[in-house]
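Structural characterization, general
Each chain, letter by letter, is given below.
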Amino acid sequence: MTNATSAGKASPISISIRDLRRSFGHQEVLRGVNIDFPRGKVTTIVGPSGCGKTVFLKHLNTLLRPDSGKIVIDGIDVTSVSRGGLDAVREKFGMLFQAGALFDSMPVFDNVAFPLVEKTRLSRDEIASRVRETLAAVGLEGMDDKYPSELSGGMQKRAALARALIRRPSILMLDEPTTGLDPSRTRAIHALVRQTQQRFGLTAALVSHDVPAVFEISDHVAFMHEGKIRVYGTVAEVTSAHDELFERFLAGKASGEESPAAAG
Amino acid sequence: MKMVRSIERLGAWIIDQIETLGNFVFFLFTAVFYIVMPPYKPRLAIRQLRSIGADSSFLILLIGAFTGMVLGLQGYNTLSRFASEGALGSVVALTLVRELGPVLAALMIAARAGSAMAAELGSMQATEQIDALTVMAINPVQYLVSPRILAGLISFPLLTGMFDSIGIIGGYVIGVDLMGAPGSSYMNGISQNLTAHDIMTGLYKSIVFGIVVMWICCYKGYHAQRMATGVSRATTEAVVMSSILILLWDYFLTSVLL
Ligand SMILES: Nc1ncnc2c1ncn2[C@@H]1O[C@H](COP(=O)(O)OP(=O)(O)O)[C@@H](O)[C@H]1O
Ligand SMILES: [Mg+2]
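We now turn to the structure provided with this report. Please read all numbers here as calculations on a predicted model, not as lab measurements.

Conventions adopted
- Residues numbered from 1 in each chain as written.
- Chains lettered and ligands numbered in written order.
- Predicted model: local features only at pLDDT ≥ 70, side-chain atom pairs only at ≥ 80, totals over all residues.
- Heavy atoms only, no water.
- Helix = DSSP H or I, 4+ residues; strand = E, 2+ residues; numbered from the N terminus.
- Contact = heavy atoms within 4.5 Å.
- Areas by Shrake-Rupley, 256 points an atom, 1.4 Å probe, with all protein chains shown as cover.
- Lys, Arg positive; Asp, Glu negative; His and termini not counted.
- Charge placed at Lys NZ, Arg CZ, Asp CG, Glu CD.
- Phe/Tyr/Trp six-rings, centres within 6.5 Å; stacked < 30°, edge-to-face > 60°.
- Lys NZ or Arg CZ within 6 Å of the ring centre and 35° of its normal.
- Donors = N, O, S within 2.8 Å, 3.2 Å for Na, K, Ca; no water.
- Buried < 20%, exposed > 50% of the residue type's maximum accessible area, 1.4 Å probe, protein only.
- Pairing = 2+ DSSP bridges.
- Axes fitted to C-alpha atoms, helices over the stretch in contact; angles between N-to-C directions.
- Parallel < 35°, antiparallel > 145°, perpendicular 65-115°, else oblique.
- Left-handed = near helix turned anticlockwise from the far one by under 90°.
- Nonpolar A, V, L, I, M, F, W, Y, C, P; charged D, E, K, R; others polar.
- Salt bridge = Lys/Arg side-chain N within 4 Å of Asp/Glu carboxyl O.
- Patch = residues over 30% accessible without salt bridge, like charges linked within 9 Å, V, L, I, M, F, W, Y side chains within 5 Å.
- Buried area = accessible area lost by both parts, 1.4 Å probe.
- Polar contact = N/O pair within 3.5 Å; in protein donor to acceptor, adjacent residues only side chain to side chain.
- 1 Å grid on protein atoms, 1.4 Å probe; cavity = no way out; pocket = protein on both sides within 12 Å on 5 of 7 lines; lining within 4 Å.
- Points joined across faces, edges and corners; volume = space filled by probe spheres on them.

Looking now at the overall build of chain B. Summing up its helical and strand segments, chain B has eight helices and zero strands in all. Along chain B, helices and strands appear, N-terminal first, in the series α-α-α-α-α-α-α-α. Principal axes of the C-alpha set define a box for chain B whose edges measure 70 × 55 × 35 Å. A separation of at least 24 residues holds for 84% of the contacts in chain B among residues at least 6 apart in sequence. As displayed, chain B offers around 12,800 Å² of accessible surface, 71% of which is attributable to carbon and sulfur atoms. Between the mean site of the 15 positive side-chain charges and the mean site of the 14 negative ones, chain B shows a separation of 7 Å.

Okay, the packing of aromatic side chains next. In total, this model carries 12 aromatic pairs over all chains according to the counting rule given. Connected via pairs of aromatic rings, a cluster forms that spans B:Phe24, B:Phe27, B:Trp215, B:Tyr219 and B:Tyr222. Positioned above the aromatic ring of A:Phe103 is the side chain of A:Arg163, whose terminal nitrogen or guanidinium carbon lies 4.7 Å from the ring centre.

The next subject is the coordination of the magnesium ion (ligand 2). Residue and element names in this part refer to chain A. Looking at the magnesium ion (ligand 2), one finds its protein donor set to be Thr54 (OG1) and Gln98 (OE1), positioned 2.0 to 2.5 Å from the metal centre. Here the residue Thr54 occupies a position in helix 2 (residues 53–60), and Gln98 occupies one in the loop between strand 6 (93–96) and helix 4 (108–119), the gap between them amounting to 44 residues. For Gln98, a relative accessible area of 16% translates into the label buried.

Once that is clear, we can look at the sheet that holds strand 5 (residues 76–77) of chain A. All names here are of chain A. Spatially, the four strands line up as an open sheet ordered 2-1-4-5, and their pairing is antiparallel. Both edges of this open sheet fall to strand 2 (27–38) and strand 5, since each of them pairs with a single strand only. Here strand 1 (residues 13–24) runs beside strand 4 (residues 68–73); their pairing, made up of five bridges, is antiparallel. Looking across to strand 4, one finds that Ser16 is bridged to Val72. In the packing of helix 2 onto the sheet, contacts are made with strand 1, strand 2 and strand 4, and the angle to strand 2 comes to roughly 60°.

As a further point, take the packing of helix 2 (residues 42–81) of chain B against helix 5 (residues 140–178) of chain B. Residues and elements named next belong to chain B. At their nearest, the axes of helix 2 and helix 5 sit 6 Å apart, and the two run at 25° to each other. Judged on the interaxial angle alone, helix 5 and helix 2 are roughly parallel. Classified by chirality, the crossing of helix 5 by helix 2 is right-handed. Broken down by class, the residue content of the contact of helix 2 with helix 5 amounts to 21 nonpolar, 13 polar and one charged.

It is worth spelling out the pattern of salt bridges at this point. Here the structure, examined in full by the defined rule, presents 26 salt bridges over all chains. Salt-bridge contacts for A:Lys53 lead to A:Glu176; the nearest nitrogen and oxygen are separated by 3.8 Å. Here A:Glu176 lies in the loop between strand 7 (171–175) and helix 7 (183–200) and A:Lys53 lies in helix 2, a separation of 123 residues in the sequence. The same class applies to A:Lys53 and to A:Glu176, which are both buried. Note that B:Glu237 and B:Arg233 form a salt bridge whose closest N and O atoms lie 3.5 Å from each other. Of this pair, B:Glu237 and B:Arg233 both sit in helix 8 (residues 230–257), separated by four residues, roughly a single helical turn.

Strand pairing within a sheet occurs via backbone hydrogen bonds; the two strands may be parallel or antiparallel. Residue and element names in this part refer to chain A. Taking strand neighbours across the sheet as the criterion, the six strands line up as 6-7-8-3-9-10 in an open arrangement whose pairing is mixed. Because the sheet does not close on itself, it has two edges, and the strands there are strand 6 and strand 10 (228–234). Strand-to-strand twist in this sheet, taken as the mean axis angle between neighbours without regard to direction, amounts to 15°. Relative to strand 10, strand 9 (residues 220–225) runs antiparallel, the two being bridged by six bridges. The residue of strand 10 that forms the bridge with His225 is Lys228.

Another point: a nonpolar patch on the surface. Residues B:Leu10, B:Trp13, B:Ile14 and B:Ile18 make up a contiguous nonpolar surface patch of about 440 Å² in total accessible area. Structurally, the position occupied by B:Ile18 is in helix 1 (residues 2–36).

All right, on to the pairing of strand 9 of chain A then. Residues and elements named next belong to chain A. Of all six residues in strand 9, six are buried, a share of seventy percent or more. Neither face of strand 9 is exposed, since His220, Ala222 and Met224 on one face and Val221, Phe223 and His225 on the opposite face are all buried. Here strand 3 (residues 42–46) runs beside strand 9; their pairing, made up of four bridges, is parallel. Its bridge partner being in strand 9, Thr44 is matched across the sheet by Val221. Taking the residues that link successive antiparallel strands as the turn, the strand 9-strand 10 hairpin has two residues, and the phi of Glu226 there is positive, at about 45°.

Before going further, it helps to examine the interface of chain A and chain B. Counting residues at the interface gives 22 residues for chain A and 17 residues for chain B. In total, about 1,700 Å² of surface goes out of reach between chain A and chain B, with carbon and sulfur atoms giving 58% of it. Close ionic contact of B:Asp131 with A:Lys58 constitutes a salt bridge, the shortest N to O distance being 2.9 Å. On inspection of chain A and its partner chain B, the count reaches seven residue pairs in polar contact (both at pLDDT 80 or more). Broken down by secondary-structure element, the contributors of at least two residues to the side of chain A that touches chain B are helix 3 (83–90), strand 6 and helix 4 of chain A. In terms of residue class, the side of chain A that touches chain B is made up of 11 nonpolar, two polar and nine charged.

Let's shift gears to empty space enclosed by the protein. Inspection of the entire model under this criterion finds two cavities of 30 Å³ or more. Forming the walls of the largest cavity are 16 residues, and the residues nearest its centre are A:Phe93, A:Gly94, A:Arg163, A:Ala164 and B:Met136. The set of elements that each furnish at least two residues to the lining of the largest cavity consists of strand 6 and helix 6 (153–165) of chain A together with helix 4 (129–135) of chain B. In the lining of the largest cavity, the residues fall into 11 nonpolar, one polar and four charged. Taken as a whole, the second largest cavity spans an internal volume of roughly 40 Å³. In terms of lining residues, the second largest cavity is bounded by A:His59, A:Thr62, A:Leu64, A:Arg65, A:Pro66, A:Ile71, A:Val78, A:Thr79 and A:Leu86. Split by residue class, the lining of the second largest cavity holds five nonpolar, three polar and one charged.

The structure is reproduced here in structure tokens:
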């Protein structure tokens, strides 16, 4: 375990996906995805809603198991790890879900403290100071006792991000962190994601609908189409790539052809 | 050709059903496994106990009282035709303890607390809160389902006891105070004719119903579809299926325990 981790640390690739396939019934959602996530960088996956972005991310964070293919995280092929072993892998992850997934039965403080309370032996005081520090880092102070339903959309995302960061993960996964937010809040959340990613040196796997705004905070961009990665490269590379479907996707987003309400 | 297709489809359907049944049974085994295995989290079960109690106590008292009152009335009416009003206490108590108490209490708890539970878990599923638990390396069945099943196991017998007691009082108020059956033989009849076996029968039933109701309601909520109607459908199905299974199990248990 320690060996694998240290071996993994040396490698510039944090997560490597090879020929990942997954069907639901007769519907082939992932049709052979190949992509690498460089360590300490933001890799953003964009694509039309329903193309399989969430399903892909749920394979990355081991919620779903593929029909075939490899997912290698820090040198460990998680597709062949036992259930008990998965928990160890999951300790590396912080995940921000599309719907936020804050526990609505708990106030903000308890939500953010939850992973520490359940999975560590830290003292009450240590937990409280970690929670305060993390909430401050995401710009959400003085909201400790508010329930998620009492928060605005942007604040919910901040609280969810704080919870995702609380155990100091090395990999941060974000599923459409700005869906449902207005442009100024979208910019603020994007800035926050970039800032925290750099501050903690995280490898970020970001799924987004927000093109081209999200390019500003991305190191690499992948365009997913019909369950495959169709375009991949640095931001500069993909914006000058000549791919008809990708250009149409970008143009469609720019002209607002696809309404935000339809965003998966 | 058409024939082959239909057989194929029937086969697929049967396999589907068996798989669903397998998942359903596996779900309970997993939940029970985590009840038995340490680490124990009594805090979670206590919270569920409190919420089931808070949700259902008033309803149980209300329905229990009325059931007892109706039994007092009907019982008196019937027994007086045979000039055996003295047996009213035994009739009310035996009917409640052996049969109506466990069944009606279970139906009421399913309708009130069970549906709330299915809705709560359903919305946790819909908003990815259950996935969030898994990603945090917390087993959601252990965290969410086991405490609820344990709470059901404890609360059903307690609430059934409440239902029986208030029902017996209700029967007394109507049968004795209002209709004029002899009060001393009401109480004596109960203490002489209500055996430990009767009480155990009621207890076994309420424990089984507790597991069944929590199992169904948790399962339905936990597996709610992620669509607009997913949660409401899970809730409805949970209550309907719980009710049917309560009555099926009641018949089965009665015939075994009689
Ligand atoms: N658990 C599931 N069971 C069946 N189909 C699913 C499941 N999850 C996702 N899908 C299907 O997979 C496709 C891709 O979904 P998703 O990854 O959520 O899209 P998006 O790119 O908008 O995030 C959709 O057609 C969806 O209906
Ligand atoms: Mg999605």
